[in-house]
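These are the residues of each chain, in order.
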Amino acid sequence: MGKKYKNCFSTAKYIFSIAKSSTVMLLVLTITSGILPGVLVKAEEDFINCAIQLNDLSSAHAIIYPFLFLVLVLSLEWVFVIVNKYLNIANKEQIRKHIYKNMFSVVENTGFERLEEKVNQDLIMRVFNAPEAHFSTLIKFTFLILKHVVTITTLFILLFNQIGLKSLIIIAASIIIAVIAKSGGQRAYDLEVENSSQKRETDYFDSMLMDKEFADERILFSFFRNINNKWSKKATELVDKQATLSKTIFVQEKAASVVLYIISFVIIVVLVDPVRSGTITIGFMIAFVNATFNLSNMVSRVLADALSKIYKEIGYSKDFGDFQKLAATRETNHSRRVGEMIESIQFKNVSFKYPGTQKYVLKNCSFKMEGKRKYALIGINGAGKTTIVKLLKGLYQDYEGTIFINNIDLRDISSDNLASEIAVVNQDFSKYQVSFIDNINLGRKHELTNHRLVLDVFKKLDFNKVAGNVKLDSKVGKIYPENIELSSGEWQKLAISRAILSEASLLILDEPTASLDPMAEQQVYEQISELSKNKMSLLISHRLGAVKDSEDIYLLKEGQVKINGSHEELMMNSALYKEMYNKQKGWYQNA
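Attention here is on the structure that accompanies the text.

Reading the values: rules and limits
Residues numbered from 1 in each chain as written. Predicted model: local features only at pLDDT ≥ 70, side-chain atom pairs only at ≥ 80, totals over all residues. Heavy atoms only, no water. Helix = DSSP H or I, 4+ residues; strand = E, 2+ residues; numbered from the N terminus. Buried < 20%, exposed > 50% of the residue type's maximum accessible area, 1.4 Å probe, protein only. Contact = heavy atoms within 4.5 Å. Areas by Shrake-Rupley, 256 points an atom, 1.4 Å probe, with all protein chains shown as cover. Arc of directions from axis to C-beta. Phe/Tyr/Trp six-rings, centres within 6.5 Å; stacked < 30°, edge-to-face > 60°. Lys NZ or Arg CZ within 6 Å of the ring centre and 35° of its normal. Salt bridge = Lys/Arg side-chain N within 4 Å of Asp/Glu carboxyl O. Axes fitted to C-alpha atoms, helices over the stretch in contact; angles between N-to-C directions. Parallel < 35°, antiparallel > 145°, perpendicular 65-115°, else oblique. Left-handed = near helix turned anticlockwise from the far one by under 90°.

All right, on to the overall build of the protein chain then. When helices and strands are tallied, the protein chain shows 20 helices and ten strands. With 591 residues in all, the protein chain has 44% of them scored as buried. For the protein chain, the proportion of contacts with a sequence separation of at least 24, taken over those separated by at least 6, is 75%. Carbon together with sulfur atoms contributes 57% to the accessible area of the protein chain, which is approximately 31000 Å² in total.

So, in structure tokens, the structure goes:
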């Protein structure tokens, strides 16, 4: 429990740091607004007492100042309500202005292995669900509670000065309301956490039913009804759970209202004797009872709901604290650089298994690559080829053994430096629906302004989309009707172009031409070899016809490099390589 409130306090400090001016103004306004009902009691008391003592019109001047003071206090209440609404809006916008940039920075600095964990995926989905609304809600309702606490304290002091310890009944009522509301708020956020995974699944079904990306196959496979049934089932479960909780919270809030009204009537009874004995004036009793009923009415409508929302946002604060720790847990002492370019790579007895699994994908894997040579890594599916790429990119740190780049332990190399020196084209590459030139500049420290160079690479890869009215700044994809649509093969050529034109000194191609036919694939590889001749390159493929021109081919089996050499050497010395190649050589025209 203490940790949860500590997280809430840390979140409040964080909100204050990004929305200081509006938060401070809201705080001052809140405290002032909380005191005002107590001031109003005194203003009403003086006015009523003066009115009762008014004997004739000749003494009417005596009531003018109490009347003007009462009007001033009521006017201030009205003005404060308007200013409070404005400041809450300003606070939300001030938070929105900074929050996403900060949160994206956390994601950027979070290790890949943590981003892959399901529990962290659910966590990220929750904290990115309108964070500015969560934070502004926490501020808004925390300050609303603060206002009522100040009001209750002010009324308690006024009543205590009149009737002593009997005034503690106000404090007792407040504690009862807080306890009732706490339960509802905690249950509300617990339900949100419980439903995170199911909500993510429902959102994906929603995209399958609505997004243009799935439109062709929705018709081709006629899966709309089937997915719609799955979506309806999941969505109905979520709605039913929320409806049950909402009913429970509603009952709790109304119970709190009943308690408050009972307390208000008890206060009236308690004040009767002091009025009869002259301990308090009739004006005080009327003004105080009026303030009590106004407070009860306000509490019955908003206070229970406010407390419930605050306890819910305390749950969000805990999540937000855990989210910020994702980046904090990443090692930040990697400061060494590889130099001007990557000249050598060595795996030395490297073993690795993915988090949450027991099977080693790599086991005592050792090999070395040097110079501006064309390397290839081959093996059957599951041999560990893509895993080697992920380790080279620094996506996982918890491997056994050592990986050296330019004789420097990879774990000691700056992640930024590593990212800038290695360009990768994956089989399952991402499709960025931005302009052609923005696609090329992704990941570059310095934007490429030589558009002729870009067009030259496009031409050599037989990627001829930029012509006529289609320019490099034309957007690609399916988001907008005016975008240029690309086939799977064209998307791959765009990704290959980005890697070739990058500032990296190591080019890794992991099954980069899976969407191309063997003849087109061979032509693309020939161009890649020509365009990357001043870089070390590593081609990963199970299509041996595509790698036979590599200078050094590594055959991976059961997580180890079993043999390496040129195509001719492996054909003579490796029965497995020869068998694999002979089965595939009919795919290639020149095989």
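This part covers helix 20 (residues 575-584). Burial in helix 20 covers these residues: Y577, M580, Y581 and Q584. Summarising the axial view, the buried residues of helix 20 lie within an arc of 95°, below the 170-degree limit, and thus occupy one face. Turned more than 90 degrees away from the buried face of helix 20 sit A575 and K583, all of them exposed. Looking at the packing, one finds that the buried side of helix 20 touches strand 3 (374-378), helix 18 (544-547), strand 9 (552-557) and helix 19 (567-573).

Tallied over the full model, the rule gives 19 aromatic pairs. A centroid spacing of 6.1 Å and a plane angle of 40° characterise the contact between F320 and F323, whose relative ring orientation is tilted. Placement of both F320 and F323 in helix 11 (residues 282-328) is noted, with a separation of three residues, approximately one turn of the helix. Comparing F320 with F323, the two get one shared label, buried. Here K363 stacks its cationic end above the ring of Y360, 3.9 Å away from the centre of that ring. We note R411 situated over the ring of Y399; from NZ or CZ to the ring centre the distance is 3.8 Å.

Moving on, we get to the pattern of salt bridges. Tallying each qualifying case throughout the model produces eleven salt bridges. Residue R126 is joined to D319 by a salt bridge in which the shortest nitrogen-to-oxygen separation is 2.7 Å. Here the residue R126 occupies a position in helix 5 (residues 118-127), and D319 occupies one in helix 11, the gap between them amounting to 193 residues. D319 carries the same exposure label as R126, and that label is buried. Notably, a salt bridge pairs E579 with K583, separated by 3.3 Å at the nearest N-O pair. You can see E579 and its partner K583 sitting in helix 20, four residues apart, about one turn around the helix.

It is at 9 Å that the axes of helix 2 (residues 20-53) and helix 3 (residues 64-108) come closest, and there the two elements cross at 160°. It follows that helix 2 is roughly antiparallel to helix 3 by the angle criterion. For helix 2 against helix 3, the interelement crossing comes out left-handed.

Right, let's talk about unusual backbone geometry for a bit. Phi angles above zero are rare outside glycine, and N349 is one such case at about 50°. The residue N349 is located in strand 1 (residues 344-352) in this model. Owing to a relative accessible area of 43%, N349 belongs among the partly exposed residues under this scheme. The phi torsion at N406 lies on the positive side, around 55°, for a residue other than glycine. Mapped onto the elements, N406 comes out in the loop between strand 4 (400-405) and strand 5 (408-409). Among the residues examined, N406 registers a relative accessible area of 15% and is labelled buried.

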